[in-house]
Amino acid sequence: MAKRIESTPKADGFRMPGEFEEQKQVWMLWPERPDNWRNGAKPAQKAFAAVAKAISQFEPVTVCVSPAQYQHARYELPSEVRVVEMTSNDAWIRDCGPTFVVNDKGDVRAIDWDFNSWGGLYDGLYFPWDQDDLVPQKVCEIEGIDTYRTPGFVLEGGSIHVDGEGTLLTTEMCLLSPGRNPDMTKEEIEEKLKEYLNLEKVIWIRDGIDPYETNGHIDDVACFIRPGEVACIWTEDENHPFYRQAQDAYKTLCEATDAKGRKLKVHKLCLSKEPCYLKGADTIECIEGTLPREEGEVSIASYMNFLIVNGGIILPQYGDENDALAIEQVQAMFPDRKVVGVRTEEIAYGGGNIHCITQQQPRG
Ligand code: KQY
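Residues numbered from 1 in each chain as written. Predicted model: local features only at pLDDT ≥ 70, side-chain atom pairs only at ≥ 80, totals over all residues. Heavy atoms only, no water.

A. Structural context of the site of the ligand. Not every one of the 13 residues close to the ligand is listed here, only the nearest: Asn36, Asp95, Glu213, Gly350 and Gly351. The separation between a nitrogen atom of the ligand and a polar side-chain atom of asparagine 36 is 2.5 Å. The separation between a nitrogen atom of the ligand and a polar main-chain atom of glycine 350 is 3.0 Å. The fraction of the free accessible surface of the ligand (300 Å²) that becomes covered by protein chains is 98%. Taken together, the residues that form the shell around the ligand break down as four nonpolar, six polar and three charged. (Near = heavy atom within 4 Å. Polar contact = N/O pair within 3.5 Å; in protein donor to acceptor, adjacent residues only side chain to side chain. Areas by Shrake-Rupley, 256 points an atom, 1.4 Å probe, with all protein chains shown as cover. Nonpolar A, V, L, I, M, F, W, Y, C, P; charged D, E, K, R; others polar.)

This is the structure we're talking about:
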């Protein structure tokens, strides 16, 4: 049985590894809620299946599915993908799932943060979120992994990126948002992150690009590609909706040093030429408690929301003029990994992308 541990990862010599470190498998949840996904989630399910298939070329994938969708998901997913029954409120395991930590002996543990649907009753995206909040416990029971809890401290995995060597990237827009930990100061939040993820330095970028959904998760803006090197969204088109945020993040990263005192090497990653506009909003059910969606609203379509896997990169593609450029730029950042593009507009319409719907478990 997976145990609850009362100390902290730092006290026990555990740290969060970089995503580029060796992984055991990737976890996903299966989308189905008709008030978030258009057309009863059927197109999104095809996109999730394509993402799972792409990852499974490189390493094992487990997809967690509600009892109602179990047989359908089993049919849609390739046989090499493991399908297990699990209830959740939606399909964003990056955010509601466990954050894994490792020690030098190769042991793996997990942090089970409080999850409140990106802002709780202040500006959260749906209610309730109780089943999402149980996902880390269920994943860790399946894997026999002991967990740390952070009662009263809210965090989503998409709001952080680490280099595995003591540095974390995040945004003020998200971590200081009133719906997360309103009674904590920026310094107290930093201390909590340092204690649980075993860090010495937090690099704060001011804004993310989706103030109304995740309150600006870092995983649409920047990430570590290896220690000392980051990728950052970039556009020179002043009319692009994310121009200011991209310029601002790039400048912050160029001026930053990491926990080891290194000046960061910053790689530019293009944005899509055309914003991705939501189509078919009339097929998304409106219900009280869920943020309503409007036809033509800008969906957050960032190439940055890729997933690093063993030997590969799974990169969003939108049918945009810049798709090929994004593949080229990411391939140049990761010469030893194969970049696989997957069309993911359907995931963007739901509010996220490949990184948001996956959670890597380190090999340890
Ligand atoms: O990490 C994410 N991008 C999750 C967004 C949730 C959107 C729900 N509509």
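Structure shown, so let's carry the discussion forward.
B. Region of interest: the nonpolar core. Among the nonpolar cores identified, the biggest contains 52 residues, and Met28, Ile55, Val63, Leu77 and Ile314 are the most heavily contacted of them. Among the elements that line this core, the one with the most residues is helix α2 (residues 42–56), at eight residues. Leave out the neighbours within four places in its chain, and isoleucine 314 touches Ala54, Ile55, Phe58, Phe306, Leu307, Val309, Val340, Val342 and Ile354. One finds Ile205, Phe224, Tyr303 and Ala348 within the second-largest nonpolar core, a separate group that totals 47 residues. (Core = buried A, V, L, I, M, F, W, Y, C linked by side-chain atoms within 4.5 Å. Buried < 20%, exposed > 50% of the residue type's maximum accessible area, 1.4 Å probe, protein only. Helix = DSSP H or I, 4+ residues; strand = E, 2+ residues; numbered from the N terminus. Contact = heavy atoms within 4.5 Å.)

C. Just the packing of aromatic side chains, in detail. All chains considered together, the criterion is met by 10 aromatic pairs. With a centroid separation of 6.0 Å and an interplanar angle of 55 degrees, the aromatic rings of tryptophan 113 and phenylalanine 153 are classed as tilted. Placement of tryptophan 113 in strand β6 (residues 108–114) and of phenylalanine 153 in strand β7 (residues 147–154) is noted, with a sequence separation of 40 residues between them. Comparing tryptophan 113 with phenylalanine 153 shows no difference in burial state: the two are buried. Both rings, one in tryptophan 118 and one in tyrosine 126, keep their centres 5.5 Å apart while their planes meet at 80 degrees; by these two values the pair is edge-to-face. Aromatic rings pair up to connect Trp37, Phe48 and Trp92 into one cluster. For arginine 33, the ring lying beneath its charged end belongs to tyrosine 126, and the centroid distance is 4.3 Å. Lying over the aromatic face of tryptophan 234, lysine 268 brings its terminal NZ or CZ to 4.1 Å of the ring centre. (Phe/Tyr/Trp six-rings, centres within 6.5 Å; stacked < 30°, edge-to-face > 60°. Lys NZ or Arg CZ within 6 Å of the ring centre and 35° of its normal.)

D. Here's a closer look at the side chain of threonine 171. Looking at where threonine 171 falls in the secondary structure, it is placed in strand β9 (residues 167–171). On the basis of relative accessibility, which here comes to 0%, the residue threonine 171 falls in the buried class. In this structure the side chain of threonine 171 is engaged in a polar contact, spanning 3.3 Å, whose partner is the backbone nitrogen of cysteine 174.

E. Representation of the pattern of salt bridges. According to the stated counting rule, one finds 23 salt bridges in the structure shown. For glutamate 213, the salt bridge is made with arginine 293, and the minimal N-O distance between the two is 3.0 Å. Of this pair, glutamate 213 sits in the loop between β10 (201–205) and β11 (222–226) while arginine 293 sits in the loop between β14 (276–277) and β15 (298–299), and the two are 80 residues apart along the sequence. Note on glutamate 213: relative accessible area 12%, which makes it buried. The shortest N-O distance in the salt bridge between aspartate 258 and arginine 262 comes to 2.6 Å. Overall, aspartate 258 belongs to the buried group, its relative accessible area being 2%. On the basis of relative accessibility, which here comes to 29%, the residue arginine 262 falls in the partly exposed class. (Salt bridge = Lys/Arg side-chain N within 4 Å of Asp/Glu carboxyl O.)

F. Broad picture of the pairing of strand β13 (residues 265–270). Where strand β12 (residues 229–234) meets β13, six bridges bridge the pair, whose relative direction is parallel. Paired with valine 230 across the strands is valine 266, a residue of β13. The parallel pair β12 and β13 is bridged by helix α10 (residues 243–255), and the resulting crossover is right-handed. (Pairing = 2+ DSSP bridges. Right-handed = clockwise from strand over helix to strand, strands pointing away.)

G. Looking closely at the pairing of strand β18 (residues 338–343). With six bridges connecting them, strand β17 (residues 312–317) and β18 associate as parallel partners. Each residue of the ladder has a partner; that of glutamine 317, found in β18, is arginine 343. Note that the unit made of β17, helix α11 (residues 323–333) and β18 has a crossover that is right-handed.

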